[in-house]
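# Commentary on secondary and tertiary structure
In case you want the letters, here they are:
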Amino acid sequence: MSAQSPRGWNRPVKPVALVVVGVTLLAVWLLLFTASVWYFYGHWEARFTLRDQPVALRLPGNMQALAEVQSPLRSRLDVSPTLRLPIHQTLTAQIQDSLDARVQLSTTLPIDTEVTVDQDVPVRTTVTLSVPLRSWLPPIPVTLPVDVVLPVHMVVPIHVQVPVVLDVHATGELPPSLRVPLDTTFVLKPSIHADLTARMVGRTEFRLLAPLEPFPVQIEKAALRVPFNLTVLGQPQP
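By convention here, each chain's residues receive numbers from 1 onward along its written sequence. Totals for whole chains, interfaces and linings use all residues, but because this is a predicted model, local features are given only for residues with pLDDT of at least 70 and pairs of side-chain atoms are given and counted only at 80 or more. Side-chain metrics rest on all non-hydrogen atoms present in the structure, leaving aside hydrogens and water.

### A word on the overall build of the protein
Threshold: The numbering of helices and of strands both runs from the N terminus, where a helix is a DSSP run of H or I of at least 4 residues and a strand a run of E of at least 2. Exposure categories follow from relative accessible area, calculated using a 1.4 Å probe and restricted to protein chains: below 20% of the type maximum is buried, above 50% is exposed, and the middle band is partly exposed. We call two residues in contact when some of their heavy atoms are within 4.5 Å. Reported accessibility uses the Shrake-Rupley method at a 1.4 Å probe radius. Residues are deemed covered only where the shown protein chains occlude them.
Check the secondary structure of the protein and you find two helices and 10 strands. In sequence order, the secondary structure elements of the protein are arranged as α-β-β-β-β-β-β-β-β-β-β-α. The proportion of buried residues among the 238 residues of the protein is 2%. Counting only contacts in the protein whose residues sit at least 6 apart along the sequence, the fraction spanning at least 24 positions is 90%. With an accessible surface of roughly 21700 Å², the protein has 61% of that area assigned to carbon and sulfur atoms.

Pasting the structure below:
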């Protein structure tokens, strides 16, 4: 009988097969190692908390930022403005009452005028005359009745100061409604004391024109998350 060639695990391994298997295992190991390192530095991060940490903050020039305010703003208002309120209107007042007043007046009334008299004055009288006849005879008394109408036309100037003293008690009824014109300006100075609470929701974009000098900042509490990113992975290759 002829000798049989070994089969299965008993078959001898050629050097080429060993090299291929070794290279394949090395490639798989390198691929798994690279993927693990990449995942670790891309997703894992270190977390720690800062408390009462003094730092110096410096803002660079041409820095652009976007600020959004959503917290309520509280303020106190204490003012006393001066307000001028002009009023030009007509008011209707209803008065249901009678007027009872007493007026006392003591003054001097000057009168400067002319009185014109133009009328006929009838004259009826008896005239007693003594009529001499001759020089050697005594005069004879004569009584004559006179009945005439004399026209009178004259202008009499009057310049006089007339003292006037009045003590008058007056009563009357007022109309049911009076229209009173009101044309005035009120000067008001109110005092305003109030607490104001406003809520602002908006965004403001700003840009810093020049860099600022470092200024101290106190961090009371801050939770930091630092990713394990490889610096060489983020740098561009020349």
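### Re the pattern of salt bridges
Here is the rule: A pair is scored as a salt bridge if a Lys or Arg side-chain nitrogen falls within 4 Å of a carboxyl oxygen belonging to Asp or Glu.
This structure, assessed with the given rule, holds four salt bridges. The closest approach of N and O atoms between D78 and R76, which form a salt bridge, is 3.3 Å. Between R124 and D147 there is a salt bridge, and its shortest N-O distance comes to 3.4 Å. Remark: D147 occurs in strand 6 (residues 140–173) and R124 occurs in strand 5 (residues 98–131); sequence separation between them is 23 residues. Both residues of the pair, R124 and D147, count as exposed.

### Things to note about a nonpolar patch on the surface
For clarity, the threshold we go by: Patch construction takes residues with relative accessible area above 30% that form no salt bridge. Like charges are linked within 9 Å, and nonpolar side chains (Val, Leu, Ile, Met, Phe, Trp, Tyr) are linked within 5 Å.
On the surface, a cluster of nonpolar side chains totalling about 440 Å² of accessible area is made up of L26, W29, L30 and F33. Looking at where L26 falls in the secondary structure, it is placed in helix 1 (residues 15–43).

### Here's the deal with the environment of E68
With respect to the helices and strands, E68 occurs in strand 2 (residues 64–69). Judged by relative accessible area, E68 falls into the partly exposed class, the value being 41%. As for E68 and E205, which are separated by 137 residues in sequence, their C-alpha atoms are 9.0 Å apart.

### Overview of the confidence of the model for the protein
Selection rule: Residue-level confidence of the predictor is what pLDDT reports, using numbers from 0 through 100.
Per-chain confidence: the protein averages 77 in pLDDT, with 83% of residues scoring 70 or above. With pLDDT under 50 throughout, residues 230–238 is counted as low confidence; its partners more than four residues away or in other chains account for three contacts.

### Describing unusual backbone geometry
For D52, which is not glycine, the phi dihedral falls at a positive 50 degrees. Summarising the element assignment, D52 is placed in strand 1 (residues 45–57).

### Points about the environment of D183
To be explicit about the condition: Polar contacts, as used here, are pairs of N or O atoms within 3.5 Å; protein pairs need one atom able to donate a hydrogen and one able to accept it. Residues neighboring in sequence count only if both atoms are side-chain atoms.
As for its position among the elements, D183 is in strand 7 (residues 177–188). Distance from D183 to T90, taken between C-alpha atoms, is 8.3 Å for residues 93 residues apart in sequence. In this view, D183 contacts I87 and H88; residues no more than four positions away in its chain are not counted. Within the structure, D183 has its side chain in polar contact with the side chain of H88 (distance 2.4 Å).

### Quick notes on the environment of Q89
Tracing the backbone shows Q89 in strand 4 (residues 83–94). Taking the C-alpha atoms as reference points, Q89 and L182, separated by 93 residues in sequence, lie 5.4 Å from one another. Not counting chain neighbours up to four residues away, the residues in contact with Q89 comprise V180, P181 and L182.

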